[in-house]
Amino acid sequence: MRPAEVLILFNVPATEPMGGGRHFRESDSGVLDEAKAVEKALEKLDVPFRKVGVSGLEEVVSAVSGGREWLVVNLVENLDGSAAGACEVPTVCRALGRQFTGNDTHCLGLTLDKNLAKWALESQGVRTPPWLFLPVGTEVISHPGLHFPVIVKPISADASEGIDAASVVDRPGTRLADAVRRIHESLGQGALVEEFVEGREFNISLIQRGSALEVLPPAEIQFVDFPADRPRIVDYAAKWLPQTFEYRNTVRKIPADLADPLAEEIQSISLAAWGAVGCRDYARVDLRLDAHGLPYVLEVNANPDISPDGGFAAALSAAGMDHVQFLSILLENGSTRRPARLSTAGREQRDDRSRIRRTLAADREPILSLLSATGYFRPDEVATAAEVLDEAAAEASDGHYQSYTFELENLPVGWVCWGQTPCTVGTFDLYWLAVSPLEQGKGIGRRLMEFAEDSIRRQGGRIIVVETAGRPDYAPTRAFYARIGYREAARLADFYAPGDDKVVFTKPMDMDV
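Worth saying up front: this structure is predicted, and the values here are computed from it rather than measured. (Residues numbered from 1 in each chain as written. Predicted model: local features only at pLDDT ≥ 70, side-chain atom pairs only at ≥ 80, totals over all residues. Heavy atoms only, no water.)

## Here's the deal with the sheet that holds strand β3 (residues 71–74)
Taken in spatial order, the 4 strands line up as β2-β1-β3-β4 in an open sheet, and their pairing is parallel. The open sheet terminates on both sides in strands that have one partner only, identified here as β2 (49–54) and β4 (99–100). The sheet contact formed by β3 and β4 spans 2 bridges and is parallel. Across the sheet, valine 72 pairs through a bridge with phenylalanine 100, a residue of β4. Against the sheet, helix α2 (residues 57–65) contacts β1 (6–11), β2 and β3, and its axis sits at roughly 170° relative to β2. (Pairing = 2+ DSSP bridges. Helix = DSSP H or I, 4+ residues; strand = E, 2+ residues; numbered from the N terminus. Contact = heavy atoms within 4.5 Å. Axes fitted to C-alpha atoms, helices over the stretch in contact; angles between N-to-C directions.)

Pasting the structure below:
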């Protein structure tokens, strides 16, 4: 028997609610259909695999470390009773040296929190309905800037869990307070109060093929024979309860009937949403049109249902693909992220399609785009980067900012920038390090750092200083610097914002890792 090359990792559906929350049995069990579909596709591809169901993060560690598979097909949606736990699976895979399909921890965590996701979308100019976030225990005291009707959603649930007709509220008052209280008490989550966009609804599925991004045919959700007093929403019943009116009368039309200008606008906003939250491999963007025909992004689903009856599979079919072709694409994407081979000297064999060179003026827009696509930088930070790039390109080797671009197949996919710290002898600040989300996990960041360190040594550098954020979503960044020999030297509490520390790392130049 050939050794397994792929691990299918999925969560075992819970048999009862955990932590006092409501149990959504139907949506929980949907992951079994996904796992079965992946299994059948790998069998047709003649790819040896192992399939493991897990319930907690410790089981994930055991499952991933217990085999020698190079790729994990990550289907985990819930761990230890919460969707938040599932976001950590990519971090475990990366720590154990395994490639994985789907989105990384940062993207999964960002899109799971609807409040943070909407801020990320807005920061990149992606239109999303106005909203109000109410943490558990917060009462609806006022709703500045919101227009009714509104829809009340759980802040960190997917699959329409916690949403039904009572979630749509047409005026302030008792019904709104009741809808918020229901989310707080029955799910133990904060509530998102969002202006209800009443027009046509679309699901846009996207898939990455190598460095290219493809928008699949759009799907429209049609609400057939809905009476005037029933809100036209895809609630939990419409998705999961076949005997209900909502399920029978909510119909998917794919491809949707769209005039060219609107189709182009929806495609453009979907691509922008993908980049704003840092997606990779595959995702789905849900949109609605307002009374003026303007599209608004409701959410980005970074871990969409890929079972044969789901919307993503329907989009694949409309594009002329099936699960076998879909898995082939994921396998190919994963293989491009595998570490470089080692030569007998123990050094990475560099890809001759890539090089590190001084940043040119023409690199400005590609670098600003990749900064935005990472999801880590605010618009004001990107604007500062633009000023740095302009000065570095103008002054080149004579300037304070030493700026270099990682080029892959003639495209800028990474950036590093440093400069000597004023009023010091031999101390240098590393100002910027970024890699395109489509190229992350390939060692580009490490190569840029090795290049910067070698250059700083030649300039007489004694020590490098790196400043980064202390937020949870920056944990992978801090871990990266620690892996390459940087040590935390200081932490300034609440420096960037309340709860967001500045973390200062340093590395002496006589140290190598």
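## Quick look at the packing of aromatic side chains
In total, this model carries 16 aromatic pairs according to the counting rule given. Note on phenylalanine 226 and phenylalanine 245: the rings are 5.1 Å apart at their centroids and 55° apart in plane angle, and the pair reads as tilted. Of this pair, phenylalanine 226 sits in the loop between β11 (219–223) and α8 (236–240) while phenylalanine 245 sits in helix α9 (residues 245–249), and the two are 19 residues apart along the sequence. In this structure phenylalanine 226 comes out as buried when scored by relative accessible area, which is 7%. On the basis of relative accessible area, phenylalanine 245 is assigned to the partly exposed category, the value being 23%. Through pairs of rings, three or more aromatic residues link up here, namely Phe480, Tyr481, Tyr486 and Phe505. When the ring centre of tyrosine 296 is taken as reference, the NZ or CZ atom of arginine 127 above it lies at 5.7 Å. In this arrangement the basic side chain of lysine 502 is found over the ring face of phenylalanine 495, its NZ or CZ atom lying 3.9 Å from the centre. (Phe/Tyr/Trp six-rings, centres within 6.5 Å; stacked < 30°, edge-to-face > 60°. Buried < 20%, exposed > 50% of the residue type's maximum accessible area, 1.4 Å probe, protein only. Lys NZ or Arg CZ within 6 Å of the ring centre and 35° of its normal.)

## Here we look at the packing of helix α13 (residues 364–374) against helix α14 (residues 379–395)
At a minimum axis separation of 10 Å, α13 and α14 run at an interaxial angle of 155°. Between α13 and α14, the angle is such that the two are roughly antiparallel. The two elements α13 and α14 cross, and the hand of that crossing is right-handed. Residues Arg364, Ile367, Leu368, Leu371 and Ser372 of α13 pack against Val382, Ala385, Ala386, Leu389 and Asp390 of α14. Looking at the contact of α13 with α14 residue by residue, the class counts come to 7 nonpolar, 1 polar and 2 charged. (Parallel < 35°, antiparallel > 145°, perpendicular 65-115°, else oblique. Left-handed = near helix turned anticlockwise from the far one by under 90°. Nonpolar A, V, L, I, M, F, W, Y, C, P; charged D, E, K, R; others polar.)

## Points about the confidence of the model for the protein chain
Across the protein chain, the average pLDDT comes to 88, with 94% of residues at or above 70. Note that pLDDT drops below 50 for residues 340–351; the model gives that stretch 14 contacts with residues more than four away or on any other chain. (pLDDT = per-residue confidence, 0-100.)

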